[in-house]
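Architecture and fold: a report
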Amino acid sequence: MDFSKDLICENLTAEEGVLYFAGQNTAALAQKYGTPLYLMDEDRIRQQARVYHDTLQECFGEKGHALYASKACSFKRMYAIMAEEGLGVDVVSAGEIATAYKAGFPMENAYFHSSNKTDADVAYAMDCGVGTFVVDHPEELTAINAVAGEKGVVQPVMLRITPGIDCHTYEAVNTGKVDSKFGSAIVTGDASRITAQALSLPNVKLCGFHCHIGSQVFDSSVYIATVDVMVDFLKDMLDTHGYAAEKLDIGGGYGVRYIACEPTIDIAASIREVAAYMKKKVAAVGIEMPHVYMEPGRSIVADAGLTLYTVGAVKKIEGYKNYVSVDGGMTDNPRFALYGAPYTVLPATRLGADRDMTADVVGRCCESGDIIQPDVALPGDMTRGELLAVLTTGAYHYSMASNYNRIPRPPVVMLRDGESYVAVRRETLEDILALDE
Ligand code: LLP
């Protein structure tokens, strides 16, 4: 059969029916490292990081900055790659901060988000030298000012603003609306009030504003609407408080292609469109161009990832349903269980075979919701021991993996220049037991 439409990313190829990822034979990688296995294409990560970094610099010169939203995929090697590519990072917890710090990331380029930082988080982030805190709400600002005062420092902060934009993606990641748990809304007056508060505190230095309207966004008009609202807000803060924002972060969220019928997006072209609008808007309201930040996660790492599984049970319930069980599941990919997210699943060593069976590809957790993907077309004679590949698994997979059912997490193996290396080793049963007294 013709499987060319299944090769939905540029880093996928085939030889004699075997799937190659980043130019490497997936069956050989499964043999070498075992399954389940997260593979990541380092060249693709770098390529995507450069698209953001280079395009923002092309559009805004030294005022254009890309931050990697490391919640999408966080381990030491990722921070080292981002540092090499000249990106800053968005970190959201002490764990992400510790990982970046240990990786030798220049922490002055780290931006600490999170909608509820504890006093301990705040102190730890300051001790690690995190450059900027992105503050979610007034109590947090008070806490940061107090901790900074105790330490005798002045902490640079940005304020997270809720612009009130509905990005038309699924609700669970739709964060820019007024009723969001994140940030201070403009329309309620909260955004102006928290700005005044920040300006009045001695141990914080206000550097500007941040917003994030949601994830898996394909349409640059959403960012244009965001810029429209945020630049008006900057002007309002200048008029109301005499405060000229130095930085504006318009968030992350460009979408990626999980299945063939989804679009691919020309990120550079889209950024240029948004930048052109921003320049016009800034000139129209008559403020100085701020430093402009974007903080993508998914679109930097998603299609740089692929997961390999070994098939176990193939269960055909005559007249009802077929199941193909794999040696991973919702513990390494919770995204169908959580969001009903679509995926492309391929028989990695038999791409050309007739796919005459429809089956749910399921995991090995004791839970019926443990589904990687329903209704997948697979060869009817699929048997135990065969290899399945799930595409586009670089974002929100390793970072959302769990030990439910005390299942160890897979390793992350990086592919680079025809070679492979372990970035995160496979968890062992000893790791699973390590915390138990
Ligand atoms: N900045 C902020 C403040 C964010 O909250 C996020 C994502 C990003 C940037 C990066 O967005 P991205 O470029 O990755 O779309 N677990 C969900 C996604 C949650 C996104 C949370 N925030 C999923 O698996 O789809």
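Residues numbered from 1 in each chain as written. Predicted model: local features only at pLDDT ≥ 70, side-chain atom pairs only at ≥ 80, totals over all residues. Heavy atoms only, no water.

Focus: the site of the ligand
- Neighbouring the ligand are 20 residues; S215, E295, R298, R335 and Y396 lie closest to it.
- One of the side-chain N or O atoms of K71 is found 3.3 Å from an oxygen atom in the ligand.
- Contact distances for the ligand include 2.7 Å between an oxygen atom and a backbone N or O atom of R298.
- Classifying every residue of the shell around the ligand by side-chain character gives seven nonpolar, seven polar and six charged. (Near = heavy atom within 4 Å. Polar contact = N/O pair within 3.5 Å; in protein donor to acceptor, adjacent residues only side chain to side chain. Nonpolar A, V, L, I, M, F, W, Y, C, P; charged D, E, K, R; others polar.)

What about the packing of aromatic side chains?
- One pass over the structure, following the stated rule, counts ten aromatic pairs.
- Ring centres of Y79 and F105 lie 6.4 Å apart, and the angle between their planes is 70°; this geometry places the pair in the edge-to-face category. Separated by 26 residues along the polypeptide, Y79 in helix α3 (residues 76-84) and F105 in the loop between α4 (94-102) and β7 (110-112) bring together distant segments of the chain. The residues Y79 and F105 share a single accessibility class, namely buried.
- Relative to Y343, the ring of Y258 has its centre 5.4 Å away and its plane inclined at 75°; by these criteria the two rings are edge-to-face. Separated by 85 residues along the polypeptide, Y258 in the loop between β12 (247-249) and α9 (267-285) and Y343 in the loop between α11 (335-339) and β16 (345-347) bring together distant segments of the chain. This pair shows no difference in class: Y258 is buried, exactly as Y343 is.
- Among the aromatic residues, those joined into a cluster by ring pairs are Y38, F75 and Y398.
- A cation over an aromatic ring shows up here: K117 above the ring of F112, its NZ or CZ 5.3 Å from the ring centre.
- Positioned above the aromatic ring of F60 is the side chain of K279, whose terminal nitrogen or guanidinium carbon lies 5.7 Å from the ring centre. (Phe/Tyr/Trp six-rings, centres within 6.5 Å; stacked < 30°, edge-to-face > 60°. Helix = DSSP H or I, 4+ residues; strand = E, 2+ residues; numbered from the N terminus. Buried < 20%, exposed > 50% of the residue type's maximum accessible area, 1.4 Å probe, protein only. Lys NZ or Arg CZ within 6 Å of the ring centre and 35° of its normal.)

Points about the confidence of the model for the protein chain
- On average, residues of the protein chain score 96 in pLDDT, and 98% of them reach the 70 mark or higher.
- Mean pLDDT across the elements of the protein chain bottoms out in strand β10 (residues 184-185) (94) and peaks in strand β4 (residues 37-41) (99). (pLDDT = per-residue confidence, 0-100.)

Here's the deal with the environment of H241
- Tracing the sequence through the fold places H241 in helix α8 (residues 220-241).
- Here H241 falls in the partly exposed class, since its relative accessible area comes to 28%.
- Distance in space between the C-alpha atoms of H241 and L199 is 8.6 Å, their sequence separation being 42 residues.
- Discounting chain neighbours no more than four positions away, the residues touching H241 are S192, T195, A196, L199 and D236.
- Side chain to side chain, H241 and S192 meet in a polar contact 3.0 Å long. (Contact = heavy atoms within 4.5 Å.)

Some words on the pairing of strand β17 (residues 357-362)
- Among the six residues in β17, five count as buried, and that is most of the element.
- Across three bridges, the pairing between strand β15 (residues 321-326) and β17 is parallel. The residue of β17 that forms the bridge with S325 is V362. (Pairing = 2+ DSSP bridges.)

What about the sheet that holds strand β3 (residues 24-25)?
- Strand order across the open sheet formed by three strands is β1-β2-β3, with antiparallel pairing between neighbours. Only two strands of the sheet have a single neighbouring strand rather than two, namely β1 (12-15) and β3.
- By the bridge criterion, four bridges tie β1 to strand β2 (residues 18-21) in an arrangement that is antiparallel. Along β2, the bridge assignment pairs A14 with L19.

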